[in-house]
Amino acid sequence: MSYSFDMTPEAQLALAEELRGGTLLPPTITPEMEADLAAVTVEEIAVPTRVGPSRVMKVTAAEGTAPRPCFINFHGGGFVRPYHRRDTIFCAQLARATGALVLDVDYRLAPEHPFPTGLHECHDVVAWAFENADTLRIDANRIAIGGHSAGGNFTASICQMVAESGAFRPCGQVLDYPFLDAATPPEDKVDPRSIMPAERMHAFNVLYCQQPENMANPLISPVLAAPEHLQGQPPALMLVAGLDPLRHEAQRYAGQLIAAGVDIAVHQFDDCDHGWVVSGKARHEEARALIFGWLQRLYG
């Protein structure tokens, strides 16, 4: 089934509730993951943004001394599916491994809040962290950002925005199986080995983009960004799943960053599918260790 941009608001909300009501990849949460979560402090805070207060989970491990580095995390879910406990667990593990203060953003979702609401919200949370580094007891020179799937899209788009504005500069960006191309039809991406069907990708595109012309906007499709908006971007870590329909756009964008002179490390997990890192599937320990190790070296 394909979804149309002329769906009524009621039909869009019904579709969103359907997408939120189930999952293609139920998360695996082990006792060891629960122990990581129990070992950190999680505080819910409200961060002011241009679209209203943003609900953010402030995750702090006992390890580490002030001023700490900081990592700002954007969860996945096609811009439609909500924040999940598995995201807090990932951030707890990251905080323990790196000593960083982690800000995990529970951003507004489409279709109730379509493009660019969630992007602007996440951008403003990052800006707030830079502006309030002393109060947060973090090192403004060691603030990295990153995200998974749709959150990887926000990460790439924020780096584009600040490459143009110069408002702030993250010290690094983590792009974990990112969504980077709404302009290519999902049917041209689909892989029969993947859990991700074309219909689901269509639905996410319609609910987030709202208008077909938005799909070519570089802040939705970073692969269409002008080269000058990629130059000077912070060092990047890209994780690609070899079975993921999004792997081609990830590979393309990695090549564009390389051509723009960006320091980027790309790791493809050839036998993994979309969502494996945060959902705790096969080889997720290897992938998480890769992220945490890269950040440890980045933070110095």
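This report concerns the structure included in the present document.

Scoring rules and cut-offs
- Residues numbered from 1 in each chain as written.
- Predicted model: local features only at pLDDT ≥ 70, side-chain atom pairs only at ≥ 80, totals over all residues.
- Heavy atoms only, no water.
- Core = buried A, V, L, I, M, F, W, Y, C linked by side-chain atoms within 4.5 Å.
- Buried < 20%, exposed > 50% of the residue type's maximum accessible area, 1.4 Å probe, protein only.
- Helix = DSSP H or I, 4+ residues; strand = E, 2+ residues; numbered from the N terminus.
- Contact = heavy atoms within 4.5 Å.
- Phe/Tyr/Trp six-rings, centres within 6.5 Å; stacked < 30°, edge-to-face > 60°.
- Lys NZ or Arg CZ within 6 Å of the ring centre and 35° of its normal.
- Arc of directions from axis to C-beta.

**Side note on the nonpolar core**
And then number 1: Among the nonpolar cores identified, the biggest contains 53 residues, and Ile72, Phe74, Leu103 and Tyr208 are the most heavily contacted of them.
And then number 2: Here this core takes eight residues from helix 4 (residues 117-131), the largest share from any one element.
And then number 3: Not counting the four nearest positions on each side in its chain, isoleucine 72 is found in contact with Leu103, Val105, Val125, Val126, Ala129, Ile143, Ala144, Ile145 and Gly146.
And then number 4: Ranked by size, the runner-up nonpolar core spans 35 residues in total, among them Leu237, Ala241, Trp276 and Phe292.

**So, the packing of aromatic side chains**
And then number 1: For the structure on display, the rule yields ten aromatic pairs.
And then number 2: Joined through ring pairs, the aromatic side chains of Phe79, Tyr107, Phe115, Phe154, Phe179 and Tyr208 make up one cluster.
And then number 3: Directly above the ring of tyrosine 83 sits arginine 55, whose terminal nitrogen or CZ lies 5.9 Å from the centroid.

**Description of helix 2 (residues 31-38)**
And then number 1: Residues of helix 2 that are buried include every one of Met33, Asp36 and Leu37, and no others. Along the axis of helix 2, the buried positions cluster into a sector of 100°, meaning they face one direction only. Of the exposed residues in helix 2, those oriented more than 90 degrees away from the buried face are Pro31, Glu32 and Ala38.
And then number 2: The elements touched by buried residues of helix 2 are strand 1 (40-47), helix 3 (85-98) and helix 10 (284-299).

**A short note on unusual backbone geometry**
And then number 1: Between alanine 66 and the following residue, proline 67, the backbone shows a cis peptide bond with an omega angle of -5°.
And then number 2: Locating proline 67 in the fold gives a position in the loop between strand 2 (54-61) and strand 3 (68-74).
And then number 3: Residue proline 116 is reached from phenylalanine 115 by a cis peptide bond, and omega for that bond is 5°.
And then number 4: With respect to the helices, strands and loops of the structure, proline 116 is situated in the loop between strand 4 (101-106) and helix 4.
And then number 5: Residues other than glycine seldom take positive phi values, yet tyrosine 177 does so here, at roughly 35°.
And then number 6: With respect to the element layout, tyrosine 177 can be found in the loop between strand 6 (172-176) and helix 7 (198-209).
And then number 7: A positive phi angle, close to 70°, is found at glutamine 210, a residue other than glycine.
And then number 8: Inspection of the secondary structure assignment puts glutamine 210 in the loop between helix 7 and strand 7 (236-241).

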